[in-house]
Amino acid sequence: MYIAQEESFGPVMVISKFKNGDVDGVLRRANATEYGLASGVFTKDISKALYISEKLEAGTVFINTYNKTDVAAPFGGFKLSGFGKDLGKLLSPSFVSHLRVVIHEKTT
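Residues numbered from 1 in each chain as written. Predicted model: local features only at pLDDT ≥ 70, side-chain atom pairs only at ≥ 80, totals over all residues. Heavy atoms only, no water.

### What about the pairing of strand 3 (residues 60-63)?
Looking along a regular strand, one sees the side chains alternate between the two faces of the sheet.
No. 1: By the alternation rule, side chains of strand 3 split into Thr60 and Phe62 and Val61 and Ile63, which are all buried.
No. 2: Bridging between strand 2 (residues 38-41) and strand 3 involves four bridges; their strand directions are parallel. Looking at strand 3, one finds that alanine 38 is bridged to threonine 60.
No. 3: Taken together, strand 2, helix 3 (residues 46-55) and strand 3 constitute a β-α-β crossover, and its handedness is right-handed.
No. 4: With four bridges connecting them, strand 3 and strand 5 (residues 100-103) associate as parallel partners. Looking at strand 5, one finds that phenylalanine 62 is bridged to valine 102. (Buried < 20%, exposed > 50% of the residue type's maximum accessible area, 1.4 Å probe, protein only. Helix = DSSP H or I, 4+ residues; strand = E, 2+ residues; numbered from the N terminus. Pairing = 2+ DSSP bridges. Right-handed = clockwise from strand over helix to strand, strands pointing away.)

Given below as structure tokens:
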């Protein structure tokens, strides 16, 4: 699917179906792109969300939220979505890949 493989800038969200329990298949599809700026995971199972966030090839992984960010936090993408991280004092991007995970917890 073209829209799921390109880096679109705008109000675009791709929601795709997958077979129950096929998390590794979802990861293969999500990582089968040349880009990796950000991704989002929506689930009730926080353990599954953390597993997925470790395997996704994206600079930021949002869990149960999207685009809620701290402007002081380093950001940047993987693959063709960025060369290094901005706004942070990090090691050379040629040696280290940094992943940022943002989790939204419901409060009652």
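Moving on, there is more to tell.
### A look at the sheet that holds strand 3
No. 1: Here we have three strands laid out as an open sheet, ordered 2-3-5, and parallel in their pairing. A single partner strand is all that each edge strand has here, and the edge strands are strand 2 and strand 5. Sheet twist, expressed as the mean angle between neighbouring strand axes with direction ignored, is 20°. (Axes fitted to C-alpha atoms, helices over the stretch in contact; angles between N-to-C directions.)

### Some details on the confidence of the model for the protein chain
Caution applies to low-pLDDT regions: their predicted coordinates should not be interpreted in detail.
No. 1: Mean pLDDT for the protein chain: 80, with 81% of residues reaching 70 or above.
No. 2: No element of the protein chain has a lower mean pLDDT than helix 1 (residues 2-5), at 72, and none a higher one than helix 3, at 94. (pLDDT = per-residue confidence, 0-100.)

### Remarks on helix 3
Three- or four-residue spacings in an α-helix give side chains the same orientation, since the helix completes a turn every 3.6 residues.
No. 1: Buried residues of helix 3: Ala49, Ile52 and Ser53, and no others. Viewed along the axis of helix 3, the buried residues span an arc of 100°, placing them on a single side of the element. Of the exposed residues in helix 3, the ones pointing more than 90 degrees away from its buried face are Ser47 and Glu54.
No. 2: The secondary structure elements touched by the buried residues of helix 3 are helix 2 (23-31), strand 2, strand 3 and strand 5.
No. 3: Taking the backbone nitrogen of serine 47 as reference, a side-chain oxygen 3.1 Å away marks aspartate 45 as the first, capping residue of helix 3. (Arc of directions from axis to C-beta. Contact = heavy atoms within 4.5 Å. Polar contact = N/O pair within 3.5 Å; in protein donor to acceptor, adjacent residues only side chain to side chain.)

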